Amino acid sequence: MTTVLFVCTGNLCRSPSAALLLAQHLSEAGPPDVTVESAGTSETTSTVPPELLQEASGFGLDLFSHVPRRVDIATIARADIVIGMARTHVRETVLADPPSFTKSFTLREILRRGMEKGQRRPGQPLTEWMDEVGTNRRHTELIGDSPQDDIADPMGGTSAEYRTMLLELATLTRTLHSLIWS
């Protein structure tokens, strides 16, 4: 069993959307032994924005019953891959659980590095592929914000901004699925 953990700030928008989108790809193309979770680096009592609920339904995503949760060390340790929506999420994950550095990336970073190294080979252990993808990676790469790595947070924005985020995440999670599980 493999566990993928998506992390954003409040676990209201980007990370639950990415988790549901990857789960969709997995249900369509497998494998069946992958669990997808999401959590946030900040605790919140807010609910999923109505604009996102509406836009997500057009992607076949049901966020109506989503309850945000805060990431903790046990959740990070249980995950095989931790994917932050921005560098700050990866940085906070690694600060909370330093050994998680080798399995924690932004979504764009793991795709960029994965495309450079190539698709996971049939029968190749996930940890071996992750080690290849993380070759020459340094902690200092997590400093600051990066338009190359960060997915914009549409919280408080328009329906169009939520739709743009969902379109981007749909493409990125499909690419992630094809790199690791196809």
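Cut-off values and rules
Residues numbered from 1 in each chain as written. Predicted model: local features only at pLDDT ≥ 70, side-chain atom pairs only at ≥ 80, totals over all residues. Heavy atoms only, no water. Helix = DSSP H or I, 4+ residues; strand = E, 2+ residues; numbered from the N terminus. Buried < 20%, exposed > 50% of the residue type's maximum accessible area, 1.4 Å probe, protein only. Contact = heavy atoms within 4.5 Å. Areas by Shrake-Rupley, 256 points an atom, 1.4 Å probe, with all protein chains shown as cover. Lys, Arg positive; Asp, Glu negative; His and termini not counted. Charge placed at Lys NZ, Arg CZ, Asp CG, Glu CD. Pairing = 2+ DSSP bridges. Right-handed = clockwise from strand over helix to strand, strands pointing away. Core = buried A, V, L, I, M, F, W, Y, C linked by side-chain atoms within 4.5 Å. Axes fitted to C-alpha atoms, helices over the stretch in contact; angles between N-to-C directions. Polar contact = N/O pair within 3.5 Å; in protein donor to acceptor, adjacent residues only side chain to side chain. Phe/Tyr/Trp six-rings, centres within 6.5 Å; stacked < 30°, edge-to-face > 60°. Lys NZ or Arg CZ within 6 Å of the ring centre and 35° of its normal.

**Comments concerning the overall build of the protein chain**
Phase 1 of the analysis: Looking only at helices and strands, one finds seven helices and four strands in the protein chain.
Phase 2 of the analysis: When its helices and strands are written in sequence order, the protein chain yields β-α-β-α-α-β-α-β-α-α-α.
Phase 3 of the analysis: Viewed in the frame of its principal axes, the protein chain has a C-alpha envelope of about 40 × 35 × 30 Å.
Phase 4 of the analysis: Taken across its 182 residues, the protein chain has 49% of its residues classed as buried.
Phase 5 of the analysis: Considering only residue pairs separated by 6 or more positions, the protein chain has 75% of its internal contacts joining residues 24 or more positions apart.
Phase 6 of the analysis: By element, 54% of the accessible surface of the protein chain is carried by carbon and sulfur atoms, the whole surface being about 8600 Å².
Phase 7 of the analysis: Within the protein chain, the 23 negative side-chain charges are centred at a point lying 4 Å from the centre of the 17 positive side-chain charges.

**Description of the pairing of strand β3 (residues 81-84)**
Looking along a regular strand, one sees the side chains alternate between the two faces of the sheet.
Phase 1 of the analysis: Side-chain alternation along β3 places I81 and I83 on one buried face and V82 and G84 on a second face that is also buried.
Phase 2 of the analysis: Alignment of strand β1 (residues 2-8) against β3, held across four bridges, turns out to be parallel. Within β3, the residue paired with V7 across the bridge is G84.
Phase 3 of the analysis: Taken together, the three bridges between β3 and strand β4 (residues 104-106) define a ladder with parallel strand orientation. The partner of V82 across the bridge, within β4, is S104.
Phase 4 of the analysis: In this fold, β3 hands off to helix α4 (residues 87-96), which returns the chain to β4; that crossover is right-handed.

**Considerations on the nonpolar core**
One recurring pattern in soluble globular proteins is that nonpolar side chains are buried together.
Phase 1 of the analysis: Formed by 38 residues in total, the largest nonpolar core has its most connected members in F6, L52, M85, L107, I110 and L176.
Phase 2 of the analysis: Breaking this core down by element, the ones donating at least two residues are β1, α1 (14-29), α2 (50-57), β3, α5 (107-117), α6 (126-133) and α7 (159-181).
Phase 3 of the analysis: Top contributing element to this core by residue count: α7, with ten residues.
Phase 4 of the analysis: Contacts of L52, omitting those with residues within four sequence positions, involve L12, C13, S17, L63, Y162, M165 and L166.
Phase 5 of the analysis: Counting seven residues, the second-largest nonpolar core is a separate cluster that includes A39, V71, A79 and V82.

**A short note on the sheet that holds strand β2 (residues 34-40)**
Phase 1 of the analysis: With parallel pairing, four strands are arranged side by side in an open sheet as β2-β1-β3-β4. The open sheet has two edge strands, β2 and β4, and neither has a second partner. Ignoring strand direction, the axes of neighbouring strands in this sheet form an average angle of 25 degrees.
Phase 2 of the analysis: Direction of pairing for β1 relative to β2: parallel, over a ladder of seven bridges. Opposite T2, over in β2, you have V34 as the bridge partner.
Phase 3 of the analysis: Lying over the sheet, α7 contacts β1, β2 and β3, oriented at roughly 150 degrees with respect to β1.

**Focus: the side chain of R137**
Phase 1 of the analysis: Along the chain, the position of R137 falls in the loop between α6 and α7.
Phase 2 of the analysis: Within the structure, the side chain of R137 is placed 2.7 Å from the side chain of E109, a separation counted as a polar contact.
Phase 3 of the analysis: Residues within four places of R137 in sequence aside, it is in contact with V90, F101, S104, F105, E109, R113 and L142.

**Observations regarding the pairing of β1**
Phase 1 of the analysis: Where burial is concerned, most of β1 is hidden: seven out of the seven residues are buried.
Phase 2 of the analysis: Going residue by residue along β1, you find T2, V4, F6 and C8 tucked away on one face and T3, L5 and V7 tucked away on the opposite face as well.
Phase 3 of the analysis: In this view, the connection linking β1 to its parallel neighbour β2 by way of α1 has right-handed handedness.

**Describing the packing of aromatic side chains**
Phase 1 of the analysis: Evaluation of the coordinates by the stated rule reveals zero aromatic pairs.
Phase 2 of the analysis: Over the face of the ring belonging to F105 we find R137, whose NZ or CZ atom lies 4.0 Å from the ring centre.

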